[in-house]
Amino acid sequence: MQDSFDVVIVGGAVVGSAAAYFLAAEAGFGGSLLVLERDPSYRDCATTRSLASIRHQFSTPENIRMSMFGTRFLRQAHEQLAVDGQGPAIGLREAGYLFLAGEEGRSVLEAKHRLQRAEGADVALLSARQLRLRFPWLDASDLVAGSLGLSGEGWLDAHALMHGFRRKAISLGAVYRHGHAAGLQRHGRRIEAVVLGDGTRVRCGSVINAAGTGAAALARTAGIELPVQARKRCVFHFGSPAQLPGCPLVIDPSGLYFRPEGTGFLCGIAPAAHEDPECHDFEVPLDWWEERLWPALAQRVPGFEAARLLSAWAGHYDVSTLDDNAIVGAHPEVDNLLFANGFSGHGLQQSPAVGRALAELVTGGGFRSLDLAALGWARVLENRPLRELNVV
Ligand SMILES: Cc1cc2nc3c(=O)[nH]c(=O)nc-3n(C[C@H](O)[C@H](O)[C@H](O)COP(=O)(O)OP(=O)(O)OC[C@H]3O[C@@H](n4cnc5c(N)ncnc54)[C@H](O)[C@@H]3O)c2cc1C
């Protein structure tokens, strides 16, 4: 078995596989590429447990730009990721996001809206009257405004996208291996090898840490403290006789969100800071349905009074504890170790932009298409948060 690769990517879910695809497809690369994945079933990774949605409504220009590239990529992923004429059916549905605001949230919503428009996002600010006209099923009595994505936002099949990246990367020469990266062997400013759980040593030209919630443990083996923690987020699937024509992904001022899925709906709500510790279990607090979600749903959409819970699951955000934004690029003390971690709930939609950025860093040492320097390690080490306000 080959024990030396130009690039080793640890983690083969959506971010690792996007990086593998963009790198393998990069004209200037031509090297050998290994993706190490400890669980090829992908059962528990964030990608599989995601809500799988994409929006341009962020509060930082980098996040808006990454998602706008994400949409452009997703629209032609079927062709771009085709192997032997067959592309992944990612099922992109551009039904939009709708961020709602009461009087308290109006000025922040308007400020974010101005930034999003300046970045070219196709979003419209609606008054309470316009909300009522457009979405008659919504109770807008306590609302003053809403920001609606008119195009480019919506949801997709996360698993199909991940496998599309993976399949295409393999067709271009990437090697996927089932294995747990137990440690990084560091010598001064370089990682010399990735050591697997069974003791195998894989020498490497460079390493990409795409290990999701496993990223901090891996970084620690190279003496680097990565401020990323696993935080549990739960998604509830419910049925309802209510008809909600044109229903986008709605973000309520209470923190509740919901969107259609098949003949039913998905919803969730962010936990309060004091009930959101680092967490690795998959237990769903089912009492949240009765106590938090259903009342909030029925208040916003009276037709949800008759909603019934069908199922629920838990997953883990890889939260950047500094500022809820990804950490992308090399640590200043190690030249050949690149990070793509801490996506804080928006990594699926950012995977095309981040995969492309990593390929640019590996082949040219810098960003070419989208400057993501603001998401680098400098802000972490200097404790300068680049705070994202629209965290769902
Ligand atoms: C409930 C929920 C809802 C979400 N909703 C959205 C959404 O609507 N839109 C959006 O954009 N994002 C969303 N996200 C976030 C998104 O899913 C993640 O940001 C994204 O999937 C991260 O991808 P990843 O490849 O970095 O990590 P992961 O998908 O977690 O994959 C990491 C992979 O690395 C492997 N691994 C870890 N450690 C090692 C090791 N040492 N050796 C080998 N392999 C290793 C794991 O097995 C795993 O397969 C959501 C997440 C959750 C949990």
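Visitor: Would you explain the site of the ligand in this entry?
Guide: Around the ligand, the structure places 36 residues, and the nearest of them are Glu 37, Thr 47, Ser 53, Ala 181 and Gln 349. Relative to its unbound accessible surface of 1,000 Å², the ligand loses 96% to contact with the protein. For the shell around the ligand, the secondary-structure elements that each account for two or more residues are α1 (14-25), β2 (33-37), β12 (228-239), β16 (308-320) and α9 (347-364). Ranked by residue count, the leading element in the shell around the ligand is β16, at four residues. When grouped by side-chain class, the residues that make up the shell around the ligand number 17 nonpolar, 14 polar and five charged. Each of domain 1 (4-85 + 157-227 + 322-381) and domain 2 (97-151 + 230-319) accounts for three or more of the residues forming the shell around the ligand.

Visitor: Is there a simple way to explain the nonpolar core in this structure?
Guide: Nonpolar side chains tend toward joint burial in soluble globular proteins. Counting 51 residues, the largest nonpolar core has Ile 9, Leu 33, Phe 73, Leu 161, Phe 165, Ile 208 and Val 354 as its most contacted members. Counting only elements with at least two residues in this core, the list comes to β1 (4-10), α1, β2, α2 (61-75), α6 (158-171), β18 (337-341) and α9. Those residues in contact with Val 354 that lie beyond four places of it in its chain are Val 15, Met 66, Val 328, Ala 340 and Phe 343. In terms of nonpolar packing, the next biggest core, distinct from the first, is built from 32 residues, Leu 126, Cys 247, Ile 269 and Leu 293 among them.

Visitor: What's the story with the sheet that holds strand β15 (residues 264-269) in this structure? I'm lost.
Guide: Hydrogen bonds between backbone atoms are what pair the strands of a sheet, whose relative direction is either parallel or antiparallel. Pairing is mixed in the open sheet, where eight strands are placed in the order β5-β6-β4-β13-β14-β15-β12-β16. Since the sheet does not close on itself, it has two edges, and those belong to β5 (123-127) and β16, each with one partner. Along the sheet, successive strands turn relative to each other by an average axial angle of 20°, direction set aside. Pairing of strand β14 (residues 256-261) with β15 involves six bridges; the strand directions are antiparallel. Looking at β15, one finds that Leu 256 is bridged to Ile 269.

Visitor: What exactly am I supposed to notice about the packing of aromatic side chains here?
Guide: Aromatic ring pairs: the centre-centre distance and the angle between the two ring planes describe each pair. One pass over the structure, following the stated rule, counts 15 aromatic pairs. Consider the rings of Phe 265 and Phe 304, whose centres lie 5.0 Å apart with planes at 75°: the pair is edge-to-face. One end of the pair, Phe 265, is in strand β15; the other, Phe 304, is in the loop between α8 (287-300) and β16, and 39 residues separate them in sequence. Note on accessibility: Phe 265 and Phe 304 belong to one class, buried. Joined through ring pairs, the aromatic side chains of Tyr 21, Phe 22, Phe 69, Phe 73 and Phe 165 make up one cluster. Geometry around Phe 58 places Arg 55 over its ring, the cationic atom sitting 4.0 Å from the centre. Over the ring of Trp 288 we find Arg 292, and its NZ or CZ is 4.1 Å from the ring centre.

Visitor: When you look at empty space enclosed by the protein in this model, what are you seeing that I'm missing?
Guide: A probe matching the size of a water molecule, rolled over the atoms, marks out where space remains unfilled. In total, this model carries one cavity of 30 Å³ or more according to the counting rule given. Computed from the structure, the largest cavity encloses a volume of approximately 40 Å³. Lining the largest cavity we find Gln 57, Phe 99, Leu 109, Lys 112, His 113, Gln 116, Ser 147 and Asn 390. In terms of residue count, helix α4 (residues 106-118) provides more of the lining of the largest cavity than any other element does, four residues in total.

Visitor: Quick question: what am I supposed to make of the environment of Pro 302 here?
Guide: Its location among the elements puts Pro 302 in the loop between α8 and β16. Of the residues examined, Pro 302 reaches a relative accessible area of 49% and is grouped as partly exposed. Note: C-alpha distance between Pro 302 and Leu 33 (269 residues apart in sequence) is 53 Å. Each residue touching Pro 302, except ones within four places of it in the same chain, is listed here: Trp 137 and Asp 139.

Visitor: Just to check I follow, could you spell out the layout of surface pockets for this structure?
Guide: Reported here for the second largest pocket is a volume of approximately 490 Å³. If you trace the second largest pocket, you find 19 residues lining it, with Phe 99, Lys 112, Ile 251, Asp 252 and Pro 253 closest to the centre. Going through the elements one at a time, β4 (97-101) and α4 are the ones with two or more residues in the lining of the second largest pocket. Its residues assigned to classes, the lining of the second largest pocket comprises eleven nonpolar, five polar and three charged.

Visitor: Quick question: what am I supposed to make of the side chain of Arg 55 here?
Guide: Relative to the helices and strands, Arg 55 is located in the loop between β3 (53-54) and α2. Buried charge without a partner: Arg 55 forms no salt bridge, and the closest opposite charge is Glu 388, 5.0 Å away. Ignoring sequence-local partners within four residues, the contact set of Arg 55 consists of Ser 67, Tyr 97, Phe 99, Glu 153, His 346, Gln 349, Asn 390, Val 391 and Val 392.

Visitor: Help me out: how do you make sense of the environment of Ser 59 in this one?
Guide: Mapping Ser 59 onto the fold places it in the loop between β3 and α2. Through-space distance from the C-alpha of Ser 59 to that of Leu 109 is 9.5 Å; in sequence the pair is 50 residues apart. For Ser 59, the contacting residues outside a window of four places in its chain are Lys 112, Leu 115, Arg 387, Glu 388, Leu 389 and Asn 390. Side-chain polar atoms of Ser 59 contact the backbone nitrogen of Leu 389, separated by 2.8 Å.

Basis of the calculations
- Residues numbered from 1 in each chain as written.
- Predicted model: local features only at pLDDT ≥ 70, side-chain atom pairs only at ≥ 80, totals over all residues.
- Heavy atoms only, no water.
- Near = heavy atom within 4 Å.
- Areas by Shrake-Rupley, 256 points an atom, 1.4 Å probe, with all protein chains shown as cover.
- Helix = DSSP H or I, 4+ residues; strand = E, 2+ residues; numbered from the N terminus.
- Nonpolar A, V, L, I, M, F, W, Y, C, P; charged D, E, K, R; others polar.
- Domains from an automatic or database assignment.
- Core = buried A, V, L, I, M, F, W, Y, C linked by side-chain atoms within 4.5 Å.
- Buried < 20%, exposed > 50% of the residue type's maximum accessible area, 1.4 Å probe, protein only.
- Contact = heavy atoms within 4.5 Å.
- Pairing = 2+ DSSP bridges.
- Axes fitted to C-alpha atoms, helices over the stretch in contact; angles between N-to-C directions.
- Phe/Tyr/Trp six-rings, centres within 6.5 Å; stacked < 30°, edge-to-face > 60°.
- Lys NZ or Arg CZ within 6 Å of the ring centre and 35° of its normal.
- 1 Å grid on protein atoms, 1.4 Å probe; cavity = no way out; pocket = protein on both sides within 12 Å on 5 of 7 lines; lining within 4 Å.
- Points joined across faces, edges and corners; volume = space filled by probe spheres on them.
- Lys, Arg positive; Asp, Glu negative; His and termini not counted.
- Salt bridge = Lys/Arg side-chain N within 4 Å of Asp/Glu carboxyl O.
- Polar contact = N/O pair within 3.5 Å; in protein donor to acceptor, adjacent residues only side chain to side chain.

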